[in-house]
Amino acid sequence: MPVPVTVVFLGGVGRSGSTLLSRVLDRVPGFVSVGEACNLWNQGVINNRTCGCGRPFDACPFWLSVGEEAFGGWKRADPQAVNAQRLRVERIRRLPLMIAPQLSSAYARDFKEFADVTTRVYGAISRVSGDAVVVDNSKKPSMAFLLHHLDAIDLRVVHLVRSPYGVAHSWAKRVERPDTDQEEEMQRLSVTSSSVRWMTVNALFEALRRAGVPTLRLRYEDFVAAPRTRLEGILDFLGERRRPDELGFVDNQSADLSGDHSVWGNPMRLRVGREAMRLDDEWQRRMTPQDRRLVTALTGPGQLLYGYRGR
């Protein structure tokens, strides 16, 4: 029986610093980060977005080799059909069926087929990169639950949590996407929607931990305050310790980032060079009192759990 592929899944609410963390992990010897793998089919194969290496997806040697290894080429996998199947399988509202697929024969069939495709993709990523650990920055709890059900995946979760005020402020801002051919902005959410999402997503990752998935909880604020120290903690959690000289790219003030093969994610995935680690606390200056009160009312229990109340 083949050895399962170790997947480090960065889970949590979007705008919590997961892209930065995935970029740092990609520099660790034996690790490869592929960005938001949940968007591989729609943003990569179908829409041909820019890879983290700066090339279009269909001109990236890494992804071309992955497609060839997994399917004999991406087009042979029928990307439109696979993406439609993905949308039927890995949505949060589908979680009850994912847990008990016998409740729907149609869902069980879609799940089995998409699970096979997903297993082949992760296996190909590991073989083509030559790295033992695949870092998936998908963040979505539904994708993590899916991977949890796959025998060929050894799933570990780093549950990244950020202050809900910072998350709400970030979702409300206008941010242009430089990694597309069109003039596009990143998705925006209201303070209410982002706060509800913060509670829901974090609760689902707590449920995944209680289901037995090895999980390390990490606050964004703690990571940017001491990135080298927190990275060493993550590696200890994974049982993947590295020599000090192998982590020379990062200290507790900054990290040297190189190009990766992230298929999609925050536009900062395209930045290379020395990146200073600074706490993004713009919300403290820009957030209105009304919005702060709304976030407090909607996320109070979660703030207590994660130690944000009184900070």
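One can find the structure itself at the top, above this paragraph.
Please read all numbers here as calculations on a predicted model, not as lab measurements.

Colleague: I keep staring at the packing of helix H7 (residues 141–148) against helix H9 (residues 191–210) and nothing clicks. Help me out?
Modeller: Between two packed helices, what matters for the description is the angle formed by their axes and the separation of those axes. With their axes 10 Å apart at the nearest point, H7 and H9 run at an angle of 15 degrees to one another. Here H7 is positioned roughly parallel relative to H9, judged by the angle of their axes. Between H7 and H9 the crossing geometry is left-handed. In this structure, H7 contributes Pro141, Ala144, Phe145 and His148 to the contact, and H9 contributes Val201, Leu204, Phe205 and Leu208. The residue makeup of the contact of H7 with H9, split by class, is 7 nonpolar, 1 polar and no charged.

Colleague: Sorry if this is basic, but what is going on with the sheet that holds strand E1 (residues 5–11) here?
Modeller: Strand pairing in a sheet relies on backbone hydrogen bonds. The paired strands run either parallel or antiparallel. Strand order in the open sheet formed by 5 strands is E2-E3-E1-E4-E7, with parallel pairing between adjacent strands. One side of each edge strand has no neighbouring strand; the edge strands of this open sheet are strand E2 (31–33) and strand E7 (215–219). Strand-to-strand twist in this sheet, taken as the mean axis angle between neighbours without regard to direction, amounts to 25 degrees.

Colleague: What should I look at first to understand the packing of aromatic side chains in this one?
Modeller: Between two aromatic rings, the relevant description is the distance of the centres plus the angle of the planes. Scanning all chains against the criterion turns up 11 aromatic pairs. Here the aromatic rings of phenylalanine 62 and tryptophan 63 are separated by 5.1 Å at their centres, their planes lie at 75 degrees, and the arrangement is edge-to-face. On the accessibility criterion, phenylalanine 62 (10% relative accessible area) is buried. You can call tryptophan 63 buried: its relative accessible area is 1%. Plain terms: the ring middles of phenylalanine 71 and tryptophan 74 are 5.9 Å apart, the flat faces sit at 50 degrees to each other, and that makes the pair tilted. Under the relative-accessibility criterion, phenylalanine 71 is labelled buried at 12%. Classification of tryptophan 74 as buried rests on a relative accessible area of 9%.

Colleague: Explanation requested: the pairing of E1 in the structure shown.
Modeller: Working note: regular strand, side chains alternate between the two faces of the sheet. Most of E1 is tucked away: 7 of the 7 residues are buried. Here E1 shows two buried faces, one formed by Val5, Val7, Phe9 and Gly11 and the other by Thr6, Val8 and Leu10. As paired elements, E1 and strand E4 (residues 153–161) share 7 bridges and run parallel to each other. Among the inter-strand pairings, threonine 6 is bridged to a residue of E4, identified as aspartate 154.

Colleague: What exactly am I supposed to notice about the nonpolar core here?
Modeller: If you look at soluble globular proteins, the nonpolar side chains tend to sit buried side by side. Residues Leu40, Trp41, Trp63, Trp74, Ile125 and Leu147 are the most contacted members of the largest nonpolar core, which totals 59 residues. With 9 residues, helix H6 (residues 105–129) is the single largest residue contributor to this core. Leu10, Leu20, Val24 and Leu257 belong to the second-largest nonpolar core, a separate cluster that totals 27 residues.

Colleague: Any chance you could explain the side chain of aspartate 136 here in plain terms?
Modeller: As for its position among the elements, aspartate 136 is in strand E3 (residues 133–139). One buried charged side chain, aspartate 136, makes no salt bridge at all; its nearest oppositely charged neighbour is lysine 139, positioned 7.8 Å away. Setting aside anything within four residues of it in sequence, one finds aspartate 136 in contact with Val7, Val8, Phe9, Leu10, Gly35, Glu36, Ala37, Tyr122 and Leu147.

Calculation notes
Position numbers for residues start from 1 in each chain and track the written sequence from start to end. For a predicted model such as this one, the threshold for reporting local features is a pLDDT of at least 70, and the threshold for listing and counting side-chain atom pairs is 80 or more; totals across whole chains, interfaces and linings nevertheless cover every residue. Side-chain metrics rest on all non-hydrogen atoms present in the structure, leaving aside hydrogens and water. The axes used here are C-alpha line fits, helices contributing only the stretch in contact, and every angle between their N-to-C directions lies in the interval 0 to 180 degrees. Numbering of helices and strands runs from the N terminus, with a helix taken as a DSSP run of H or I at least four residues long and a strand as a DSSP run of E at least two residues long. In this scheme, roughly parallel covers angles under 35 degrees and roughly antiparallel covers those over 145, while 65 to 115 is roughly perpendicular and the rest are oblique. Should the near helix be turned anticlockwise from the far one by less than a right angle, the crossing is left-handed, and should it be turned clockwise, the crossing is right-handed. In what follows, a contact means two residues having at least one pair of non-hydrogen atoms within 4.5 Å. For this scheme, ten residues count as nonpolar: Ala, Val, Leu, Ile, Met, Phe, Trp, Tyr, Cys and Pro. Four count as charged, namely Asp, Glu, Lys and Arg, and the remainder, Gly too, count as polar. Two strands are said to pair when DSSP picks up at least two bridges between them. The rule is short: rings of Phe, Tyr and Trp, with Trp giving its six-membered ring, pair when the centres are within 6.5 Å, and they are stacked under 30 degrees, edge-to-face over 60, tilted in between. Note on classification: 1.4 Å probe, protein chains only; a residue is buried when its accessible area is under 20% of the maximum for its type, exposed when over 50%, partly exposed between these limits. Residues belong to one nonpolar core when they are buried, are Ala, Val, Leu, Ile, Met, Phe, Trp, Tyr or Cys, and are joined through side-chain atoms within 4.5 Å. Positive charges are assigned to Lys and Arg, negative charges to Asp and Glu, while His and the chain termini are left out of the count. One side-chain nitrogen of Lys or Arg within 4 Å of one carboxyl oxygen of Asp or Glu is enough to make a salt bridge.

Coordinates in, geometry out; function isn't part of it.
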